[in-house]
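# Notes for the structure review
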Amino acid sequence: MARTGPAFRAGKRGQVLLTGLLLVLLAFTVAPLYWLLIAATHNQHDIFGRPPHLLPGGELGNNLAHLQTSVDFGRVVLNSVLMATSYTVLGGIVCTLAGYGFAKFRFRGRGFLFSVLLLALVVPTQLTIVPLFKLMVNLGWLNTYQAVLLPNLALPFGIFLMRQSMRALPDELLQAGRIDGCGELRLFFRVALPTMKPALAALAMFLFLFQWNDFLWPLVALRDPSSYTIPVALAALTGSSDVDYGQLLTGTAVAAVPMAVLFLFLQKHFVSGMLAGAVKQ
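Now for a look at the structure at hand. Worth saying up front: this structure is predicted, and the values here are computed from it rather than measured. (Residues numbered from 1 in each chain as written. Predicted model: local features only at pLDDT ≥ 70, side-chain atom pairs only at ≥ 80, totals over all residues. Heavy atoms only, no water.)

## Overview of the environment of Phe215
- With respect to the helices, strands and loops of the structure, Phe215 is situated in the loop between helix H11 (197-213) and helix H12 (216-221).
- The spacing of Phe215 and Thr229 is 14 residues in sequence and 8.3 Å in space, taken between C-alpha atoms. (Helix = DSSP H or I, 4+ residues; strand = E, 2+ residues; numbered from the N terminus.)

## Observations regarding the packing of aromatic side chains
- Within the structure shown, the criterion is met by 10 aromatic pairs.
- Taking the centre distance of 6.2 Å and the plane angle of 25 degrees together, the rings of Phe114 and Phe160 count as stacked. Pair noted here: Phe114 is in helix H5 (residues 110-121) and Phe160 is in helix H8 (residues 156-166), with a separation of 46 residues, a long-range link.
- Phe114 sits in the buried class, given a relative accessible area of 12%.
- Consider the rings of Phe157 and Phe206, whose centres lie 4.6 Å apart with planes at 45 degrees: the pair is tilted. Of this pair, Phe157 sits in helix H8 while Phe206 sits in helix H11; the two residues are 49 residues apart in sequence, bridging distant segments of the chain. (Phe/Tyr/Trp six-rings, centres within 6.5 Å; stacked < 30°, edge-to-face > 60°. Buried < 20%, exposed > 50% of the residue type's maximum accessible area, 1.4 Å probe, protein only.)

## Digging into helix H3 (residues 60-71)
- The end-to-end C-alpha distance of H3 is 16 Å, a good match for the 16 Å that 12 residues give at a rise of 1.5 Å each.
- Every buried residue of H3 is listed here: Asn63, Leu67 and Val71. Down the axis of H3, the smallest arc covering the buried residues is 35 degrees, so these residues share one side. The exposed residues of H3 that point more than 90 degrees off its buried face are Gly61 and Thr69.
- Within two residues after H3, Asp72 carries a phi angle of roughly 50 degrees, on the positive side. (Expected span 1.5 Å × (residues − 1). Arc of directions from axis to C-beta.)

## With respect to the nonpolar core
- Judged by nonpolar contacts, the single largest core of 53 residues is most densely connected at Phe73, Tyr100, Met166, Trp212, Trp217 and Ile230.
- Ranked by residues supplied to this core, first place goes to helix H4 (residues 73-104) with nine residues.
- Beyond its immediate chain neighbours, meaning those up to four positions away, Met166 contacts Thr96, Gly99, Tyr100, Ala103, Lys104, Phe188, Leu193 and Met196. (Core = buried A, V, L, I, M, F, W, Y, C linked by side-chain atoms within 4.5 Å. Contact = heavy atoms within 4.5 Å.)

## Quick word on the packing of H4 against helix H10 (residues 184-192)
- It is at 12 Å that the axes of H4 and H10 come closest, and there the two elements cross at 105 degrees. Taken together, the axes of H4 and H10 lie roughly perpendicular to each other. For the pair H4 and H10, contact is made by Thr96, Leu97 and Tyr100 and by Glu184, Leu187, Phe188 and Ala192, respectively.
- Classifying every residue of the contact of H4 with H10 by side-chain character gives five nonpolar, one polar and one charged. (Axes fitted to C-alpha atoms, helices over the stretch in contact; angles between N-to-C directions. Parallel < 35°, antiparallel > 145°, perpendicular 65-115°, else oblique. Nonpolar A, V, L, I, M, F, W, Y, C, P; charged D, E, K, R; others polar.)

## Some thoughts on helix H13 (residues 230-237)
- Of all eight residues in H13, six are buried, a share of seventy percent or more.
- Among all positions in H13, only Ile230, Pro231, Val232, Ala233, Leu234 and Leu237 are buried.

## Considerations on the packing of H4 against H11
- Remark: H4 packs on H11, axes separated minimally by 8 Å, with the N-to-C direction vectors making an angle of 135 degrees. When the axis of H4 is compared with that of H11, the two are oblique. Crossing handedness for the pair H4 and H11: right-handed. Residue-level contacts link Ser80, Val81, Met83, Ala84, Thr85, Tyr87, Thr88, Gly91, Gly92, Cys95 and Thr96 of H4 to Leu200, Leu203, Ala204, Leu207, Phe208, Phe210, Gln211 and Trp212 of H11.
- Residues of the contact of H4 with H11, tallied by class, amount to 12 nonpolar, seven polar and no charged. (Left-handed = near helix turned anticlockwise from the far one by under 90°.)

## Considering the pattern of salt bridges
- Scanning the model with the defined rule gives two salt bridges in all.
- With a shortest N-O distance of 2.7 Å, Lys104 and Asp171 are connected by a salt bridge. Highlighted residues: Lys104 in helix H4 and Asp171 in helix H9 (residues 171-179), separated in sequence by 67 residues.
- We note a salt bridge from Arg178 to Glu184, for which the minimum N-O separation is 2.8 Å.
- You can call Arg178 partly exposed: its relative accessible area is 27%. (Salt bridge = Lys/Arg side-chain N within 4 Å of Asp/Glu carboxyl O.)

None of the figures reported here should be taken as evidence of function without further support.
Encoded structure:
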């Protein structure tokens, strides 16, 4: 009887309405990405046609060929992949070690340093561009890959994320390893890291996304078109008065698809990692 009463029917109507609302929000979220992928298969005339084309066209190959001619897009994609991958590995090591140190070691000045870290989270990146540029010039690193990668290796948000995740690791587990004769590095790699897989997945995805989409600092640090990343190369396409939006949207689609695939692949670990350490304060 309870499943056919007014309360049950009201609950079912609420579920139907909520599902419908979520579907509408999903449509609004997916529609721009869908249009981007469709526009990448059309030429500029069709992109601005009325009514808009909602089915794939046959210009994807031509757009890619023109894009390759304009900015050597194959080299640009390779640059982005190498920089984002290198940054993810190196930044992951730095952020994980720093987060582990903040979470599991007691040392003088720890509170002050962590306060500085939190302050760095709210400092706009634009404020650091000029002094960082002068530093790169003095070091002779301008227009090099290390100028793009090294300044942001100790990413404040990455350190904060790993510190919060590491706090959930029981101190007793680490103490047992020390009693068994484990050194600190071995304890870190053999005991701490294997329990942090969700947090590591979230950190890796965040670092890769940060570097893959970074535009302002690579634009300042890189001068040779052969070393451009995807955002900088696409911005170069808009520098002329005659912008080919077929090329531009094709390059944007190529840049967006890998991140969408990566997120779908790591979605479960990403959500778990972002929530790790949220309970223990």
